[in-house]
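Summary of structural features
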Amino acid sequence: MTRPSWDEYFMAITDQVAGRATCVRRRIGAVLVKDKRILATGYNGAPAGLAHCDEVGCLREQRGIPSGTQHELCRGIHAEQNAVIQAARHGIAIDGSTVYCTHQPCVLCAKILINAGVTEIVYREAYPDELATEMLDEAGVRIRCVGSGERA
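Now for a description of the structure that goes with this document.

Parameters at a glance
- Residues numbered from 1 in each chain as written.
- Predicted model: local features only at pLDDT ≥ 70, side-chain atom pairs only at ≥ 80, totals over all residues.
- Heavy atoms only, no water.
- Helix = DSSP H or I, 4+ residues; strand = E, 2+ residues; numbered from the N terminus.
- Rg over C-alpha atoms; globule rule 2.2 N^0.38 Å.
- Buried < 20%, exposed > 50% of the residue type's maximum accessible area, 1.4 Å probe, protein only.
- Contact = heavy atoms within 4.5 Å.
- Lys, Arg positive; Asp, Glu negative; His and termini not counted.
- Charge placed at Lys NZ, Arg CZ, Asp CG, Glu CD.
- Salt bridge = Lys/Arg side-chain N within 4 Å of Asp/Glu carboxyl O.
- Pairing = 2+ DSSP bridges.
- Axes fitted to C-alpha atoms, helices over the stretch in contact; angles between N-to-C directions.
- Parallel < 35°, antiparallel > 145°, perpendicular 65-115°, else oblique.
- Left-handed = near helix turned anticlockwise from the far one by under 90°.
- Nonpolar A, V, L, I, M, F, W, Y, C, P; charged D, E, K, R; others polar.

**Some words on the overall build of the protein chain**
Regarding its fold elements, the protein chain presents 6 helices and 5 strands. Scanning the protein chain from its N terminus toward the C terminus, one meets helices and strands in the order α-β-β-α-α-α-β-α-β-α-β. The C-alpha radius of gyration of the protein chain comes to 15 Å, within 12% of the 15 Å expected for a compact globule of 152 residues. Its C-alpha atoms give the protein chain principal-axis dimensions of roughly 45 × 35 × 30 Å. Burial statistics for the protein chain: of 152 residues in total, 42% are counted as buried. Looking at the protein chain alone, contacts between residues at least 24 apart form 53% of all its contacts between residues at least 6 apart. Of note, the protein chain has its 17 positive side-chain charges centred 6 Å away from the centre of its 18 negative side-chain charges.

Right under this line is the structure:
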């Protein structure tokens, strides 16, 4: 039996986390890691206590909003945002951490990750958001694609 690399290990966990997602368009998971230890996880879905999109339908589909635009018009919170929120709620410092994501973060998540002190993003699937890539590059956040996706 071959042991998975750390990247393979944490990416497999993002898939498990994504299994909790309630978005009808895309199931995304994020895992914040530092020193090979999981700090927090997050998946995309509606805020706690609110009806989920898989129960009430997708606001973005109902309004015909194309993917990659108007991120604010959505019931859900992105996986990366939820991971940062969970760390904050539980008093877990994430400065200097790496986030493993099923998908490359959008610009909203990129800005949050920059300000939270995340120093590296590892993802599998590309997401077409040039501004996110530009801002992450400018902030010196390392971005790596592992798996099937290419860096957008």
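Back to the text.
**Comments concerning the pattern of salt bridges**
With the rule as written, the count across this model stands at 5 salt bridges. A cluster of three or more residues bridged by salt bridges with shared partners is formed by Asp7, Glu120, Arg142 and Arg144.

**Quick look at the sheet that holds strand S1 (residues 29-34)**
The strand order across the open sheet built from 5 strands is S2-S1-S3-S4-S5, with neighbouring strands paired in mixed fashion. Two strands lie at the open edges of the sheet, namely strand S2 (37-43) and strand S5 (142-145), each paired on one side alone. Between one strand axis and the next, the sheet turns through 20° on average, direction left out of account. The pairing of S1 with strand S3 (residues 98-103) spans 4 bridges and is antiparallel. Along S3, the bridge assignment pairs Val33 with Thr98.

**Remarks on unusual backbone geometry**
With phi around 55°, Asp35 is a residue other than glycine that occupies positive phi space. Within the secondary structure, Asp35 sits in the loop between S1 and S2. The exposure class of Asp35 is exposed, given its relative accessible area of 66%. Although it is not a glycine, Lys36 adopts a positive phi angle of roughly 65°.

**Side note on the packing of helix H5 (residues 107-116) against helix H6 (residues 130-139)**
In contact at an axis separation of 8 Å, H5 and H6 are set at 15° when each is read in the N-to-C sense. Between H5 and H6, the interaxial angle falls into the category roughly parallel. Judged by the twist between their axes, the crossing of H5 over H6 is left-handed. Residues Val107, Ala110, Lys111 and Ile114 of H5 pack against Leu131, Ala132, Met135, Leu136 and Ala139 of H6. Its residues placed into classes, the contact of H5 with H6 shows 8 nonpolar, no polar and 1 charged.

**Overview of the environment of Asp54**
Along the polypeptide, Asp54 turns up in helix H2 (residues 53-56). The residues contacting Asp54, other than those within four sequence positions of it, are Thr22 and Val24.

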